[in-house]
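Chain and residue survey
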Amino acid sequence: MAKIIDGKKISAQVKDECRERVAAEGLDVTLAVIQVGNDPASAVYVGNKKKACEYTGMHSLSYELPEETTEEELLALVEKLNQDEKVHGILVQLPLPRHIDEDKVIETISPKKDVDGFHPQSVGALSIGQPGFVSCTPAGVIQLLKRSGVEMDGRECVIVGRSNIVGKPMAMLMLRENATVTVCHSHTKDLKEVTKRADILIVAIGKPKFITREYVKEGAVVIDVGIHRGENNKLCGDVDFDDVEPVVSAITPVPGGVGPMTIAMLMNNCVEAKGIQNA
């Protein structure tokens, strides 16, 4: 019987630690969240971020801009927030409307306020082991593994997916934990042969229930980063949970696994941002 890695429980621990630190140190922390357009999934995420700020004792500023907002107007708002000493973290909710260059917007956010960890400077710092913000989902996966007692040092880790938001930073973080890391993608030959070597398999490919038990070594730890609406509008991940769970030692469910950790690590990054800006 596999251990179910409970992201709700572990994310609550992280948020409680942030809340305690904010209270104990009397921190006055403000996160500014910008949403352009009214994408329904984005609206849910933004709402959850506001609730998490409220819970941890941080302030949130919300900028809900119309779909037709120009790139220049958005960049001007980001620059204004960069200059505002009362704002410690800036988050621009992705995806943005097509007429706005996401890369340009991310690069405009001050690296000291880049609590999403997407700025090239943050990514570069991660790749050479310097301090900086780490994108929240991969950072959350590391916390799930550590707080579930999963040994990473010397273990073989296979990551399926090479996105800038999950796959690549995930590989860097696992290297930092002294794992031996392989990154797979759409051009990988014999994917099943590679994934079956993994002691720790992390899946972030955006294909519902793609990973079945043929891809998994018996006794492996499986982390599922994907989230989709399947049959009957039911949520599922990139891993076929029912097929894989009987053969692994530990697995994250969807929902309730990696998802809650993303917002918990955002709160953690906001607390860290306050410290960086006060230094």
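Summarised in this report is the structure supplied together with it. (Residues numbered from 1 in each chain as written. Predicted model: local features only at pLDDT ≥ 70, side-chain atom pairs only at ≥ 80, totals over all residues. Heavy atoms only, no water.)

On to the sheet that holds strand 5 (residues 156–160), then. Spatial strand order, 1-11-8-7-5-6: six strands in an open sheet with parallel pairing. Unpaired on one side and paired on the other, strand 1 (3–4) and strand 6 (180–184) mark the two borders of the sheet. Relative to strand 6, strand 5 is paired through five bridges, and the arrangement is parallel. Looking at strand 6, one finds that Cys157 is bridged to Val181. (Pairing = 2+ DSSP bridges. Helix = DSSP H or I, 4+ residues; strand = E, 2+ residues; numbered from the N terminus.)

Moving on, we come to the sheet that holds strand 3 (residues 59–65). The strands making up a sheet associate through hydrogen bonds between their backbones, and the pairing can be parallel or antiparallel. An order of 3-2-4 is seen for the three strands of this open sheet, with the pairing classed as parallel. Lying at the two open borders of the sheet, with one neighbouring strand each, are strand 3 and strand 4 (89–92). Each strand axis lies, on average, 15° off the axis of its neighbour in the sheet, ignoring direction. Lying on the sheet, helix 3 (residues 71–83) is in contact with strand 2 (30–36), strand 3 and strand 4; it crosses strand 2 at an angle near 180°. (Axes fitted to C-alpha atoms, helices over the stretch in contact; angles between N-to-C directions. Contact = heavy atoms within 4.5 Å.)

Position of His119 among the secondary structure elements: in the loop between helix 4 (102–108) and helix 5 (120–127). What makes His119 buried here is its relative accessible area of 10%. The contact partners of His119, leaving out residues within four places of it in the chain, are Ile106, Glu107, Ile109, Pro111 and Asp114. (Buried < 20%, exposed > 50% of the residue type's maximum accessible area, 1.4 Å probe, protein only.)

Time to look at the pattern of salt bridges. As enumerated under the stated definition, the model contains ten salt bridges in all. One salt bridge in this structure joins Glu17 and Arg147, with 2.9 Å as the shortest N-O distance. One end of the pair, Glu17, is in helix 1 (residues 7–24); the other, Arg147, is in helix 6 (residues 136–147), with 130 residues separating them in the sequence. Relative accessible area serves as the criterion here: at 32%, Arg147 is assigned to the partly exposed category. Between Asp199 and Arg155 there is a salt bridge; the shortest N-O distance is 3.8 Å. (Salt bridge = Lys/Arg side-chain N within 4 Å of Asp/Glu carboxyl O.)

Bringing the nonpolar core into the picture now. Grouped together as the largest cluster of nonpolar side chains are 51 residues, with contacts concentrated most on Leu31, Met58, Leu145, Met174, Ile200, Ile202 and Ile223. When residues of this core are assigned to their parent elements, the largest contribution, nine residues, is made by helix 10 (residues 259–278). Discounting residues that sit within four places of it in the chain, Met174 has contacts with Ile142, Leu145, Met152, Cys157, Ala179, Val181, Ile200 and Ile202. Core analysis: the second largest hydrophobic core is formed by 19 residues, Ala198, Val203, Val222 and Val248 among them. (Core = buried A, V, L, I, M, F, W, Y, C linked by side-chain atoms within 4.5 Å.)

Remark: helix 1 packs on helix 10, axes separated minimally by 8 Å, with the N-to-C direction vectors making an angle of 15°. On the basis of their axis angle, the class for helix 1 and helix 10 is roughly parallel. The two elements helix 1 and helix 10 cross, and the hand of that crossing is left-handed. On helix 10, the residues touching Gly7, Lys8, Ile10, Ser11, Val14, Lys15, Cys18, Arg21 and Val22 of helix 1 are Pro260, Met261, Ala264, Met265, Met267, Asn268, Val271 and Glu272. Split into classes, the residues belonging to the contact of helix 1 with helix 10 amount to ten nonpolar, three polar and four charged. (Parallel < 35°, antiparallel > 145°, perpendicular 65-115°, else oblique. Left-handed = near helix turned anticlockwise from the far one by under 90°. Nonpolar A, V, L, I, M, F, W, Y, C, P; charged D, E, K, R; others polar.)

This part covers helix 2 (residues 40–56). Along an α-helix, residues three or four positions apart point the same way, because every turn accommodates 3.6 residues. In this model helix 2 runs 25 Å from its N-terminal to its C-terminal C-alpha over 17 residues, within 8% of the 24 Å that 1.5 Å per residue would give. For helix 2, the full list of buried residues reads Ser42, Val46, Lys49, Ala52, Cys53 and Thr56. For helix 2, the angular spread of buried residues about the axis comes to 120°, placing them on one side. Exposed positions of helix 2 whose direction lies more than 90 degrees from the buried face are Pro40, Lys51 and Glu54. Contact partners of the buried residues in helix 2: helix 1, strand 2, strand 3, strand 4 and helix 10. Just downstream of helix 2 lies Gly57, where phi reads positive at about 90°. (Expected span 1.5 Å × (residues − 1). Arc of directions from axis to C-beta.)

Checked against the element boundaries, Asp116 lands in the loop between helix 4 and helix 5. Look at Asp116: it is buried, it has no salt bridge, and the nearest opposite charge is Lys49 at 5.5 Å. Setting aside chain neighbours within four positions, we find Asp116 in contact with Leu91, Val92, Val134, Ser135 and Cys136. (Lys, Arg positive; Asp, Glu negative; His and termini not counted.)

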